Amino acid sequence: MSAKDRYDYIIIGGGSSACVVAAKLVREGKAKVLMLERGPAKANPIMHFPAGYMKFLAKDTYLAMHQTKPQSQLDGRGPIVPQGKVLGGGSTVNAMVYMRGQAADFDLWNELSTPEGSNDDAWSYRDLLPYFKAQEDNDHLAGEFHGVGGPLKISHLGHTSPMTRTYVKTLQGMGIPYNPDFNGAQQFGVGFMQHTIDWTTRKRSSAVDAFLAPVMNDPLLTIETGATVTSLDMDGDRVTGVRYMQNGTPKRAEAGSEVILAAGAYQTPKLMMLSGIGPEDELKRHGLKTTVALSGVGKNLQDHYECPVVATTKGSFGYYGQDRGWPMIKAGLQYLMFKSGPVSTTGVETCAFYDPDGNNGRPTIQMFCVPTVYLDRDVMGTDPGDGVTINSLLLRPKARGSVTLSSSDPFANPIVDTQIFAHPDDLRLTMASFRFARTVLDASPMKELIDKEIFPGPDVTSDEAIAAHCKRTVKTGYHPVGTCKMGADGDPEAVLDTHLRVRGTRGLRVVDASLMPAIVSGNTNAAVLAAAGKAVDLILS
């Protein structure tokens, strides 16, 4: 093996957490780093525009499509869950929402990962807030909760639709207060979401733009794209390097210090199991030798799940038809010339956080307003048109899924068992929020814009019918986490210690969304970035 194949650190994956960790290892640690990303180096330039991601939502150009296991509680459905497959990962392809979650989420991480009676706050909100602030350059917020001057640009969108503004006013009239900052003192309320968009250019601020670009040309950093890692090399319990395929050629690389897993909540546990680290019965089932028995690998899968109610409107108050013909040309010219107009929005501009059970100090639902008919015709049975979709997203599902191997083939997707609605509370809360969404459509000033509910339709009123609708339409929020969770020494399913080291191994760490013991109450990218910021400090210490 030549000298060029030896590195201090090898990072598997090129997503949000990988970009944060690689940049700091190179810049502050002066370490020689190899980053391996299985997707391409760049996405289409359209993805830099706030509205551009919608062109690729249903395509596998920059997404790995995971067909999940059919669920008996969903009458046999197995929804598809896409994950980013490009340098920058989710931050390159997502809807750019910057939502940290609730302070209690991180305090729960701390409670679940530290010994009982410990005063350690290593993963509490108080501990992580400085990482959020250090990364952030907010266009209008500062002070206790926000940073100014960091690498990640945060702003409000450059455009909001009449439907969005009507939704915000309607919910205030219904008793849900206006919240100017979901990442501030409290989450409860309705308001406009912050996004990872540079307000000076009105372009996406991905993890590549914010963290990796400044060190991209540093000779200490090597980035290989189109590189699929097939296994970890191990010497006893020590991880010494990786094997990967690139352009059909098998390759190897050695890590003098550590191998860092950042491949995401599906691929990270898959790679560990392929390398002999995981539940013994699962490894044996595929003829794999167990090197380190860890029963928690692939367990504890969580995601956000959402269900819709759809109505047509009496006019054009949103974005239907804005992506073709003269409206598209006009919007494109407005964006290129003035950085404003429909291209400067993601199309989903507002949400409300609340709890159907009334515990609004700890909301359980994130209710989005999408100012168009959002669902596919094959699901809804109606053609797209002018309208509005209200999606109720469950923030902290109680059911836990899993990721297991489909085979010992490193190029095969794992089996993703979501367990959506497997806990009765998950379906109950989703149904309660569905009912509330209907009352929003029937409240002023929203109802003045509404023509009629078209999906599932006003005749769907019984508990059985609403439950059937939710089971038929429930979809991912694109936020899978938790499959290599951090936990206390006494937790038999804890894969990581509080330094994110893989238990029972040396030289192996996990820094992606897999580490979360419990999902956060909001879009997960912000929490992943902050956790990665802490992770690299732990590595360098």
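- The name given to the chain in an unreviewed UniProt entry is Choline dehydrogenase, with Rhizobium metallidurans as the source organism.
- Recorded in UniProt for the chain, the comment headed Cofactor (unreviewed entry) runs: "FAD".

## Here we look at the overall build of the chain
Here comes step 1: Of regular secondary structure, the chain possesses 13 helices and 24 strands.
Here comes step 2: Rg of the C-alpha trace for the chain: 23 Å, near the compact-globule value of 24 Å for 541 residues, within the 12% margin.
Here comes step 3: For the C-alpha atoms alone, the extent of the chain along its principal axes is close to 70 × 50 × 50 Å.
Here comes step 4: Burial analysis of the chain (541 residues in total) assigns 59% to the buried set.
Here comes step 5: At a minimum sequence separation of 6, the contacts of the chain that also span at least 24 residues come to 69%.
Here comes step 6: With the model as given, the accessible surface of the chain reaches about 20600 Å², and the carbon-plus-sulfur share is 51%.
Here comes step 7: In the chain, which carries 54 positive and 57 negative side-chain charges, the distance between the mean positions of the two groups comes to 5 Å.

## Let's talk about helix α12 (residues 463-473)
Here comes step 1: Turning to α12, its buried residues number three or more, namely Ile466, Ala467, His469, Cys470 and Thr473. The buried side chains of α12 occupy one side of the element, clustering within an arc of 160° when seen end-on.

## Notes on the UniProt feature "domain: Glucose-methanol-choline oxidoreductase N-terminal" (unreviewed entry) in the chain
Here comes step 1: UniProt feature "domain: Glucose-methanol-choline oxidoreductase N-terminal" (unreviewed entry): in the numbering of this structure it lies at residues 84-107 and 264-278.
Here comes step 2: Within the segment residues 84-107, helix and strand shares are 38% and 4% respectively, and the terminal C-alpha atoms sit 28 Å apart.

## Overview of the domain arrangement of the chain
Here comes step 1: As far as domains go, the chain holds domain 1 (1-97 + 204-299 + 402-418 + 481-511 + 530-540) and domain 2 (159-201 + 302-399 + 421-473).
Here comes step 2: Spacing between the C-alpha centres of domain 1 and domain 2 amounts to 32 Å.
Here comes step 3: Across the boundary between the two partners, domain 1 contributes 18 residues, which contact 23 residues of domain 2.
Here comes step 4: Summing both partners gives a buried area of about 1700 Å² for domain 1 against domain 2, and 55% of it is carried by carbon and sulfur.
Here comes step 5: Three residues stand out in domain 1 for area buried against domain 2, namely Pro50, Gln73 and Val97, and they jointly supply 27% of the buried area on that side.
Here comes step 6: Here domain 1 is connected to domain 2 by 0 salt bridges.
Here comes step 7: At the surface where domain 1 touches domain 2, the tally comes to 8 residue pairs in polar contact (both at pLDDT 80 or more).
Here comes step 8: Within the side of domain 1 that touches domain 2, the residues separate by chemical class into 11 nonpolar, 3 polar and 4 charged.

## Quick notes on the nonpolar core
Here comes step 1: Trp109 and Val242 are the most contacted members of the largest nonpolar core, which has 88 residues in total.
Here comes step 2: The element best represented in this core is helix α13 (residues 525-540), accounting for 11 residues.
Here comes step 3: Apart from the residues within four sequence positions on either side, Trp109 is in contact with Trp123, Leu128, Met486, Leu515, Met516, Pro517, Ala518, Val520 and Ala531.
Here comes step 4: Counting 38 residues, the second-largest nonpolar core is a separate cluster that includes Tyr305, Val388, Leu427 and Leu441.

## Describing unusual backbone geometry
Glycine aside, negative phi is the norm for most residues, and most peptide bonds take the trans geometry.
Here comes step 1: For the bond from Ser444 to Pro445, the omega torsion is 0°, close enough to zero to count as cis.
Here comes step 2: Cis peptide bonds are those with omega within 30 degrees of zero, and the linkage from Phe455 to Pro456 qualifies with 5°.
Here comes step 3: Tracing the sequence through the fold places Pro456 in the loop between β22 (450-455) and α12.
Here comes step 4: Although it is not a glycine, Lys339 adopts a positive phi angle of roughly 55°.
Here comes step 5: In this structure, Lys339 sits in the loop between α9 (325-338) and β17 (350-354).
Here comes step 6: In this structure, Gln419 takes a positive phi of about 60° despite not being glycine.

## Thoughts on empty space enclosed by the protein
Here comes step 1: Scanning all chains against the criterion turns up 2 cavities of 30 Å³ or more.
Here comes step 2: Of the voids in this model, the largest cavity is the one considered here, and its volume is about 40 Å³.
Here comes step 3: Lining the largest cavity, in full, are Leu301, Gln302, Asp303, Tyr305, Pro397, Ala399, Gly401, Thr418, Gln419, Ile420, Phe421 and Asp426.
Here comes step 4: Each residue belonging to the lining of the largest cavity can be placed in one class, and the counts come to 6 nonpolar, 4 polar and 2 charged.
Here comes step 5: One number sums up the size of the second largest cavity: a volume of about 30 Å³.
Here comes step 6: Looking at the second largest cavity, the residues that line it are Ser91, Leu152, Thr196, Ser205, Ser206, Ala207, Asn525 and Leu529.
Here comes step 7: By residue class, the composition of the lining of the second largest cavity is 3 nonpolar, 5 polar and no charged.

Quick notes on the rules
Positions within a chain are numbered from 1, following the residues in the order the chain's sequence is written. Reporting in this predicted model follows two pLDDT cut-offs: at least 70 for local features of residues, and 80 or more for side-chain atom pairs to be given and counted; totals over whole chains, interfaces and linings ignore these cut-offs and use all residues. Side-chain numbers here rest on the full set of heavy atoms in the structure, without hydrogens or water. UniProt positions are given in the numbering used here, feature names are shortened, and annotations may be inferred rather than shown by experiment. Runs of H or I in DSSP of at least four residues are treated as helices and runs of E of at least two as strands, each being numbered from the N terminus. C-alpha atoms define the radius of gyration in this analysis, and the globule rule sets the expected value at 2.2 Å times the number of residues to the power 0.38. Burial classification: accessible surface area is computed with a 1.4 Å probe over protein chains only, and a residue below 20% of its type maximum counts as buried, one above 50% as exposed, and the rest as partly exposed. Between two residues, a contact is recorded if the distance between any of their heavy atoms is within 4.5 Å. Note on areas: Shrake-Rupley with a 1.4 Å probe; residue coverage comes only from the protein chains shown. In summary, the charge assignment counts Lys and Arg as positive and Asp and Glu as negative, without counting His or the chain termini. In plain terms, the charge of a residue is placed at NZ if it is Lys, CZ if Arg, CG if Asp and CD if Glu. It is the directions from the helix axis to the C-beta atoms whose arc is reported. Throughout the structure description, domain borders are defined by an automatic or database domain assignment. Defined here as a combined quantity, buried area equals the accessible surface (1.4 Å probe) lost by two parts on assembly, summed across both. Criterion for a salt bridge: a side-chain nitrogen of Lys or Arg within 4 Å of a carboxyl oxygen of Asp or Glu. As used in this structure description, the phrase polar contact means that two N or O atoms lie within 3.5 Å; if the pair is within protein, one of them must be able to donate a hydrogen and the other to accept it, and residues adjacent in sequence are counted only when both atoms belong to side chains. For this classification, the nonpolar set comprises Ala, Val, Leu, Ile, Met, Phe, Trp, Tyr, Cys and Pro, the charged set comprises Asp, Glu, Lys and Arg, and every other residue, Gly included, is treated as polar. To define a nonpolar core, start from buried Ala, Val, Leu, Ile, Met, Phe, Trp, Tyr and Cys residues and group those joined through side-chain atoms within 4.5 Å. In this analysis a 1.4 Å probe is tested at points of a 1 Å grid over the protein atoms alone, and where it fits but cannot get out there is a cavity; an open set with protein on both sides within 12 Å along at least five of seven lines is a pocket; lining residues have an atom within 4 Å of a point. Grid points are joined across faces, edges and corners, and a volume is the space filled by probe spheres set on the points.

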